[in-house]
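Chain residues, written in single-letter form:
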Amino acid sequence: MTNTVPTLTLNDGHTIPQLGFGVFKVEPTETTRIVTDALSVGYRHIDTAAIYGNEQGVGDALAASGIDRSELFVTTKLWNDRQGTQSAFDAFDESLEKLGLDYVDLYLIHWPAPANDRYIESWKALEQIHDSGRARSIGVSNFLVPHLSRLLAETDVVPVVNQIELHPAHQQPEVTEYARRHGIAIEAWGPLGQGKYPLFDETVVAVAAEAHGKSPAQVIIRWHLQMGNIVFPKSNNRSRMAENFDVLDFELSKSEVAAISALERVGRVSAHPNEVN
Ligand code: NDP
């Protein structure tokens, strides 16, 4: 078993590190310190968004790190109120400037915001940004099957990923299976359940943790990797960042994976995609 972060090949041929670091709810003033810590732990894939208000802090940490751009994978996202054509171009330019980058590796529509009915128009804008080379890959987030199927029917480029709320207690089989069937990789946000559901206390998680000499969080992150999900757990704390990264030297058995998958039960811990507009 190798200790390097596995990569997945996306449907456009680019590769993505399967394990990264997310910065939702990381305070703008703390972001540079926190992302600097994450990079020093070994993370090279950073997931941010315009709405997080911390792209500048991410960019400052990346610049200060001296890490070659080719080793980094940076994702940001278009917020709902910038959906459209020119507004999406402008929002993308602003994100790129705050990040201090010439290109992002992945640009996402953050939510379908169906009540506004602009995600098809926005996707066409992302297709143009993609053509310009300033977003190497483009994808979506929080899309349900009706949003994905409409997108596939009405536009040219298939999203490389759909970033959705996903953890053992809420696995979204319908959208996951649909996405995989169309070559769309799954990024699992809230991979640890955002601390809102006591996943760590589940007996099967605790038993697997004990068996492998790992923590419950490590077992859950490992479950995601073995399920084929891309994950970027967030932590403000350097020792938990290191803990979450230290998941590459063990493997859950098939029965452990199955037992954790059987935890599906609570539904989403966060907002429904049709309600975020
Ligand atoms: P996570 O499931 O990653 O949970 C983060 C919480 O778990 C924090 O409270 C953190 O606390 C705690 N935590 C982290 N590691 C450990 C550990 N080893 N042991 C115990 N507690 C731990 O939730 P997120 O919502 O942050 O999801 C991850 C990323 O997904 C986000 O940062 C963001 O990039 C993305 N995301 C995308 C969304 C979208 O709509 N596309 C929506 C939400 C998230 P502490 O910081 O104190 O360690």
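In this text the structure is predicted, and so the values were computed from the model without any measurement.

Basis of the calculations
- Residues numbered from 1 in each chain as written.
- Predicted model: local features only at pLDDT ≥ 70, side-chain atom pairs only at ≥ 80, totals over all residues.
- Heavy atoms only, no water.
- Helix = DSSP H or I, 4+ residues; strand = E, 2+ residues; numbered from the N terminus.
- Rg over C-alpha atoms; globule rule 2.2 N^0.38 Å.
- Buried < 20%, exposed > 50% of the residue type's maximum accessible area, 1.4 Å probe, protein only.
- Contact = heavy atoms within 4.5 Å.
- Near = heavy atom within 4 Å.
- Polar contact = N/O pair within 3.5 Å; in protein donor to acceptor, adjacent residues only side chain to side chain.
- Areas by Shrake-Rupley, 256 points an atom, 1.4 Å probe, with all protein chains shown as cover.
- Nonpolar A, V, L, I, M, F, W, Y, C, P; charged D, E, K, R; others polar.

### Considering the overall build of the chain
Inference 1: Secondary structure assignment for the chain yields 10 helices and 10 strands.
Inference 2: Against the compact-globule benchmark of 19 Å for 277 residues, the chain has a radius of gyration of 18 Å, which places it among compact chains.
Inference 3: Along the first, second and third principal axes, the C-alpha atoms of the chain reach 55 × 40 × 30 Å.
Inference 4: Split into buried and exposed, the 277 residues of the chain put 53% on the buried side.
Inference 5: A sequence separation of at least 24 residues applies to 75% of the contacts in the chain between residues at least 6 apart.

### Looking at the site of the ligand
Inference 1: With respect to spatial proximity, 27 residues lie near the ligand, and among them Asp47, Leu192, Gln194, Ser235 and Arg240 are the closest.
Inference 2: For the ligand, a nitrogen atom lies 2.9 Å from a polar atom in the side chain of Gln163.
Inference 3: In the model, an oxygen atom of the ligand is placed 3.0 Å from a nitrogen or oxygen of the Gly190 main chain.
Inference 4: Contact with the protein chains hides 85% of the accessible area of the ligand, taken as 900 Å² for the molecule alone.
Inference 5: Considering each element in turn, the shell around the ligand owes the most residues, three residues, to helix 9 (residues 238–245).
Inference 6: Across the shell around the ligand, the residue classes tally to 11 nonpolar, 11 polar and five charged.

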